[in-house]
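Take a look at the letters that make up each chain.
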There are 4 protein chains.
Amino acid sequence: MSFLTSAQPTRHEIEVEVRYAETDQMGVVHHSNYLVWFELARTALCRLTGVPYHEIEQRGSWLMVTGARLSYRGGARYGDTVRVACWLAVLKSRTLEFAYEVRAEGSLLATGTTEHVWVDAASRRPRRIPEELREPFERLAGRSSA
Amino acid sequence: MSFLTSAQPTRHEIEVEVRYAETDQMGVVHHSNYLVWFELARTALCRLTGVPYHEIEQRGSWLMVTGARLSYRGGARYGDTVRVACWLAVLKSRTLEFAYEVRAEGSLLATGTTEHVWVDAASRRPRRIPEELREPFERLAGRSSA
Amino acid sequence: MSFLTSAQPTRHEIEVEVRYAETDQMGVVHHSNYLVWFELARTALCRLTGVPYHEIEQRGSWLMVTGARLSYRGGARYGDTVRVACWLAVLKSRTLEFAYEVRAEGSLLATGTTEHVWVDAASRRPRRIPEELREPFERLAGRSSA
Amino acid sequence: MSFLTSAQPTRHEIEVEVRYAETDQMGVVHHSNYLVWFELARTALCRLTGVPYHEIEQRGSWLMVTGARLSYRGGARYGDTVRVACWLAVLKSRTLEFAYEVRAEGSLLATGTTEHVWVDAASRRPRRIPEELREPFERLAGRSSA
């Protein structure tokens, strides 16, 4: 017998040192950089599958970004080291959604999500998740078969 | 007698030439740059009020970004000149929402919104819209008193 | 009879509106962005040859950057529209050097140069200037045969 | 008796994980990002003085960039972790020059220098090195009194 057990997705955190170039004249990090930090955290989370994202690309697939939402609650400053948490919030056969939280010294600065679709790099057309990544991504999402 | 007439918000478009530095190894513009393009279009729209945004800041107020949503439908490429349309979708006494559309050669590449709150630059606390900007922003939003 | 006439290289200027995201917490444009502006001006200069740079790439050649020098004399500010001048300062069969000047309201903010080598995109190896570009680039450099 | 002993400047290395957003359509890191990496390495080197750069700014001084030179020998790729070495190559009472080397897996990708001047943040005018930083920076430069 095989069934899905309910479980939590893997939550992975990275540290990012704020770059001077990321600040703007308000004295805080420009809001566009949070999408770049999300990507760093997503890269680190995907690495846990054993297949780093640059290898996924070399094998011919892209996880193209189709949407993003961001909510800003406070500003990161030069001199801060922020922590960016990422987890796989939604996993379907053709699409995914990652969720994010950005904190500095315990205080929540931003939350967000990004939506993605698997794309075949050669044809640039949507595709299902590559077969060898199905199980690793299901584990990331907190699903397991027994 | 004074009343509000229902009208459309002012829709303003700018042209942005894609920069080589904005592309990534997928061969299209990295998704974080759309927030920067949104900001360019927002700056141009606000300029229509007669008070450019850098003057609003010099007078002591910020339009801080509190949220953003982006939906990507196609990739902009180096060599493209994209058109970014912006309008004031929601106007309240303390918050605003701008909406955006990005097109290249007629094809819709992305849509999005950004949410903002008025902030007093000195105290870094939320405030109402500066009195001298109330009418110009209401006109942008398509409201007028008669 | 054929000889080279001495002449000035074509100097081409573009206007760039300073982006909020380009400023840093000093209140001026972060120094790394000048390399991006140089590239915009170089793109516009190369377009004068009749072959836009993205077409040069599509035909299989890259003008890879091998060096850069920048000298900063003043800061560009949000609200400024800067003028970036570019010309082809040195043209050899395998390498080029472009020179740049950045001004805001007549005042010189920065000067610089970038060095480049022609590269075959497929092999990623240095090559001579593509034959069809030799004359257009010589005209840019101010040389002409009679 | 007091004299200067000749010694080597402190060489400090940091690791930087290449960001997807830093790549361009050539498949390597866009050349402008090396100035941002240099700044990260400079920040880390200055931290060795015991006064992090954001504190230097809070005390009212800026180390403004007045010049930069870069030489590119190879391209960094997404998936690479590069090592950026930085040292204080020239130290005068009013100006400094830092030098840099960027490597990936032992291979030299780029070298460069940046020139700086001390600026009083309030007046935005050049100044001498803040007195409390004179000795720490001389130690960084490899000078010591005995």
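Everything numeric here is computed off the predicted structure, so don't read it as measured data.

About the criteria used
Residues numbered from 1 in each chain as written. Chains lettered and ligands numbered in written order. Predicted model: local features only at pLDDT ≥ 70, side-chain atom pairs only at ≥ 80, totals over all residues. Heavy atoms only, no water. Helix = DSSP H or I, 4+ residues; strand = E, 2+ residues; numbered from the N terminus. Contact = heavy atoms within 4.5 Å. Areas by Shrake-Rupley, 256 points an atom, 1.4 Å probe, with all protein chains shown as cover. Expected span 1.5 Å × (residues − 1). Buried < 20%, exposed > 50% of the residue type's maximum accessible area, 1.4 Å probe, protein only. Least-squares fit on C-alpha atoms with pLDDT ≥ 70 in both. Pairing = 2+ DSSP bridges. Phe/Tyr/Trp six-rings, centres within 6.5 Å; stacked < 30°, edge-to-face > 60°. Core = buried A, V, L, I, M, F, W, Y, C linked by side-chain atoms within 4.5 Å. Buried area = accessible area lost by both parts, 1.4 Å probe. Salt bridge = Lys/Arg side-chain N within 4 Å of Asp/Glu carboxyl O. Polar contact = N/O pair within 3.5 Å; in protein donor to acceptor, adjacent residues only side chain to side chain.

(A) Region of the structure containing the overall build of chain A. A tally of regular secondary structure across chain A gives three helices and six strands. In chain A, the succession of α and β elements from N to C terminus is β-α-α-β-β-β-β-β-α. Each of the three principal axes of chain A carries a C-alpha extent, and together these read 55 × 35 × 25 Å. For chain A, the share of sequence-separated contacts (at least 6 apart) that also reach a separation of at least 24 residues comes to 67%. Summed over its atoms, the accessible surface of chain A is roughly 6600 Å², and 46% of this surface lies on carbon and sulfur atoms.

(B) Geometry of helix α1 (residues 33–47) of chain B. For α1(B), built from 15 residues, the straight-helix expectation of 21 Å at 1.5 Å per residue is met to within 8% by its first-to-last C-alpha distance of 21 Å. The buried fraction of α1(B) is high, at 14 of 15 residues.

(C) Focus on the relation of the copies chain A and chain B. For the pair chain A and chain B, the relating rotation is 180°, the translation along its axis is 0.0 Å, and the fit reaches an RMSD of 0.0 Å. Taken together, the rotation and translation describe the operation of a two-fold axis. Among all C-alpha atoms of chain A, that of A:R69 lies closest to the rotation axis, at 2.2 Å. Most of the interface of chain A is mirrored in chain B, where 100% of its interface residues again form contacts.

(D) Expanded view of the relation of the copies chain B and chain C. It takes a turn of 180° to lay chain B on chain C, together with a shift of 0.0 Å along the axis; the resulting RMSD is 0.0 Å. A shared binding surface is used by both copies, with 100% of the interface residues of chain B retained as interface residues in chain C.

(E) The pairing of strand β2 (residues 61–72) of chain B, seen in detail. Both strand β2 (residues 61–72) of chain A and β2(B) contribute to a ladder of five bridges, which runs antiparallel. If you follow A:L70 over to β2(B), its bridge partner there is B:A68. Where β2(B) and strand β5 (residues 107–120) of chain B come together, eleven bridges link them in antiparallel fashion. Paired with B:L63 across the bridge in β5(B) is B:W118.

(F) Examining the packing of aromatic side chains more closely. As enumerated under the stated definition, the model contains 28 aromatic pairs over all chains in all. Ring geometry for B:Y78 and C:Y53: centres 6.2 Å apart, planes at 70°, overall edge-to-face. Within this pair, whereas B:Y78 is found in the loop between β2 and β3 (81–91), its partner C:Y53 is found in helix α2 (residues 53–58), the two belonging to separate chains. The class of C:Y53 is buried, set by a relative accessible area of 9%. Between C:W118 and C:F137, the ring centres sit 5.5 Å apart and the planes meet at 80°, which makes this aromatic pair edge-to-face. Taken together, the residues span a long stretch of sequence, with C:W118 in strand β5 (residues 107–120) and C:F137 in helix α3 (residues 131–140) at a distance of 19 residues. Of the residues examined, C:W118 reaches a relative accessible area of 0% and is grouped as buried. You can call C:F137 buried: its relative accessible area is 0%. Ring pairs connect the aromatic residues A:Y20, A:Y78 and D:Y53, which therefore count as one cluster.

(G) Structural detail: the nonpolar core. A:F137, B:F137, C:F137 and D:F137 are the most contacted members of the largest nonpolar core, which has 190 residues in total. Not counting the four nearest positions on each side in its chain, D:F137 is found in contact with D:C46, D:T49, D:I56, D:L88, D:L91, D:L96, D:F98, D:W118 and D:I129.

(H) Region of the structure containing the interface of chain B and chain C. At the interface, 17 residues of chain B touch 17 residues of chain C. Surface buried jointly by chain B and chain C totals about 1600 Å² across both partners, of which 50% is contributed by carbon and sulfur atoms. The tally of links from chain B across to chain C stands at four salt bridges. Two residues, B:E22 and C:R19, come together in a salt bridge whose shortest N-O distance is 2.7 Å. Linking chain B to chain C there are eight residue pairs in polar contact (both at pLDDT 80 or more). Only β1 (12–17), α1 and α2 (53–58) of chain B provide two or more residues apiece to the side of chain B that touches chain C. Ranked by residue count, the leading element in the side of chain B that touches chain C is α1(B), at six residues.

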